[in-house]
Amino acid sequence: MTTLTESHEVELAIGGMTCASCAARIEKKLNRMDGVEATVNYATEKAKVSYRAEDVSVGDLIATVEATGYTAQEPAPARTDSAPAAGGADAEPDGLRPLRQRLVTAVVLALPVVAMAMVPALQIEYWQWLSLTLAAPVVTYAAWPFHRAAWTNAKHGAATMDTLISVGTSAAFLWSLWALFFGTAGTPGMTHAFELAIARGDGAGNLYLEAAAGVTAFLLAGRYFEARSKRKAGAALKALLELGAKEVTVLRDGREVTLPTAALQVGDRFLVRPGEKIATDGTVVEGSSAVDASMLTGESVPVEVAVGDAVTGATLNAGGRLVVEATRVGADTQLARMAKLVEDAQNGKAAAQRLADKISAVFVPIVIGLALATLGFWLGNGAGLTAAFTAAVAVLIIACPCALGLATPTALMVGTGRGAQLGILIKGPEVLETTRTVDTIVLDKTGTVTTGRMTLIGVHTSEDESDVLRLAGALEHASEHPIARAVAEGAQQKVGVLPTPEDFANVAGLGVQGVVEGHAVLVGRRKLLAEWAIHLPAELERAMTEAEATGRTAIAVAWDGAARAVLEVADAVKETSPEAIRRLRALGLTPILLTGDNRAVAGSVAAEVGIDEVIAEVLPEDKVTVVKRLQAEGRSVAMVGDGVNDAAALAQADLGLAMGTGTDAAIEAGDLTLVRGDLRAAAEAIRLSRKTLGTIRTNLFWAFAYNVAALPLAAAGLLNPMIAGAAMAFSSVFVVGNSLRLRAFRARS
């Protein structure tokens, strides 16, 4: 008899990764273990591991990661209180603070070193020794992350950009030490003259301290800005969990007791007043109300609930007083399950491989091999040890990626800065890679294509329209129901100040009634009018039926015993949405409308804005499934959304665009944030991202081109420090200048 083996899952927090190849190496090591399947995400610094307990333990998994040269630990359990974490509010467990300290050290000390090397007027009698004093902490302390990563890579037979940076800066620094102590560079009054002639020298008077210090400062700046963007990787989960109510009023022995929501237990009965969030999933045991669940479900029309109906935690009680019995708490609630969906989608997303790392995987071994070959060649040709080492070190120094360190950060800085001016926030360089390949864009309806709030959009009546709006609006103004607010706001916009009703009464689930200006007024469903023996005439009946067929909410208005009008209320389409769809199509994207609303509403909205493909009546967890299905069909999917119900799908999509007018959970789960809430910004965001990516690629090409072009000269021993410095400076200036062109990006009017 075969015994089925139970698989366990664990998520490990990984430390010490410096590039995507680190994540690939850890993943490879873990997957070599018996019964283990692992995916490692460089962006979130997490490893999701499935394993068989009889084969390995969590301790074995951590030991394997540590043996690979990195750190691993199980994430701390989520906090349920608001107490600050250990270390205070300013604690930065991800190492951002020490990285910032290294960056500040490097910049402050490297600037005078570079200035003295490039400006002869600053080369005082002992300037070279002052340069050494300032450069030493930069190349040792500030550059330590590069040296440590290079050593880790070397132990595993790998080479990345860290290897090239460490070898290049170390070679420059050590050769400068040799030139100072054993060559002629330490002579008092020595200067670096501006002689750009190509000639072979012995290198005894050459200093490369400015190259070592400057490169370290540039690359630390790039690493720091990358780390800052990565800090927010887990913020989507935090934003989701913070949507819930913090406190709850529990009914105990006939008394109202206020407790933290975390203290709720299954079976507890708690009170929800109008305007409060429902603390956890449960069943209504007293009262009736309208619950606004659009944040979670995407359903634009508030849901009427009464005794026996289920309600969801974190949704808003928009109407009457409710007493709810808790049925699910903690990790079992729908909100917690959605947080898990977001986490799974983030961890399952393939880590973006940096182009620089791809190139370095080939470039680094070639450069190191070329340096060794140069050394061997000149030694074999009797050029002498000094000349041979000069040529070999020159190869390493000219290959050291000064411009490469600027290529991504400068373009990203200018591109993201220009984006921010246009209301587009780009989270990081890995986002840009995806915009080039996206071919399908999935659009949430509520709050994205539409305004996200109920609006009065039509009045059908044979009476004077202003009379209808004044009487109906006055009565609805006294109600807290979202549909009533839509009618009241629409009436105020058209007729101004509304009269005050008398004898107002809310009829649960049906509408409102009262006396306005001496008229007995009813506003609500057919059933409310029927209870007063009032029937809709054929014209109004037809108007109500047609409105409901297109998914709109239709309410009847009657006074003095006769039906007078039908009002149409709906989540109105944004004026800019049709134009936005046309722009997205022009970028080669196929738009798809995805919503939790019913098919009639979705179809009506899609027809209005020009979308052909509609997927409606979708639950939050099913949105992720839809995105996965499209990806399985070979599509590269972008997702635009604004609600909590969109957060997991935004994280799962190849490119997530969050409307800045939406929830924090959606914004944190997205890759791009559209501050204005204008869907046209989605097209502009993709255009800007593609433009920024193109700039980065151009920068990377030229940064390597300068290095490669100068390598033969260095190998031939013909590259003196001034030419090396000039080439490096010119490549850096070119990269910065090319990046600044992004400031001219304009949004299409």
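Being a predicted model, the structure only gives us computed values, none of them experimental.

Some remarks on the UniProt feature "transmembrane region" (unreviewed entry) in the protein
The sites that carry the UniProt feature "transmembrane region" (unreviewed entry) are, in the present numbering, residues 103-120, 126-144, 164-187, 207-225, 359-379, 385-408, 699-716 and 722-740. In residues 103-120, the share of helix is 89% and the share of strand is 0%. The end C-alpha atoms are 27 Å apart. Measuring from the first to the last C-alpha atom of residues 699-716 gives 27 Å, for a span that is 94% helix and 0% strand.

A word on the packing of aromatic side chains
Throughout the structure, instances matching the rule amount to five aromatic pairs. Aromatic ring contacts, followed pair by pair, group Phe 701, Trp 702 and Phe 734 into a single cluster.

Quick notes on the sheet that holds strand β21 (residues 562-573)
The strand order β16-β21-β20-β19-β18-β17 describes an open sheet built from six strands, whose pairing is antiparallel. Each having just a single partner strand, β16 (450-461) and β17 (502-507) make up the two edges of the open sheet. Direction aside, neighbouring strands of the sheet carry axes that sit 20° apart on average. Relative to β21, β16 runs antiparallel, the two sharing eight bridges. Considered in β21, the bridge of Thr 455 is made with Ala 570. Against the sheet, helix α19 (residues 538-549) makes contact with β16, β20 (553-559) and β21, and its axis sits at roughly 20° relative to β21, the strand it touches most.

Comments concerning the sheet that holds strand β23 (residues 613-615)
One open sheet holds the seven strands; their spatial order is β14-β26-β25-β24-β15-β22-β23, and the pairing between them is mixed. Edge positions in the sheet fall to β14 (424-426) and β23, since each has one partner strand and no second. Strand-to-strand twist in this sheet, taken as the mean axis angle between neighbours without regard to direction, amounts to 20°. Pairing of strand β15 (residues 440-444) with strand β24 (residues 637-641) involves four bridges; the strand directions are parallel. Within the sheet, the bridge partner assigned to Ile 441 lies in β24 and is Ala 638.

Digging into the pairing of β15
The buried fraction of β15 amounts to five of the five residues, a majority that puts the element mostly inside the structure. Going residue by residue along β15, you find Thr 440, Val 442 and Asp 444 tucked away on one face and Ile 441 and Leu 443 tucked away on the opposite face as well. Two elements, β15 and strand β22 (residues 590-594), share five bridges in a ladder whose sense is parallel. In the strand pairing of β22, Val 442 is matched with Ile 592.

Here is what the cut-offs are and how they apply
Residues numbered from 1 in each chain as written. Predicted model: local features only at pLDDT ≥ 70, side-chain atom pairs only at ≥ 80, totals over all residues. Heavy atoms only, no water. UniProt positions renumbered as here; feature names shortened; annotations may be inferred. Helix = DSSP H or I, 4+ residues; strand = E, 2+ residues; numbered from the N terminus. Phe/Tyr/Trp six-rings, centres within 6.5 Å; stacked < 30°, edge-to-face > 60°. Pairing = 2+ DSSP bridges. Axes fitted to C-alpha atoms, helices over the stretch in contact; angles between N-to-C directions. Contact = heavy atoms within 4.5 Å. Buried < 20%, exposed > 50% of the residue type's maximum accessible area, 1.4 Å probe, protein only.

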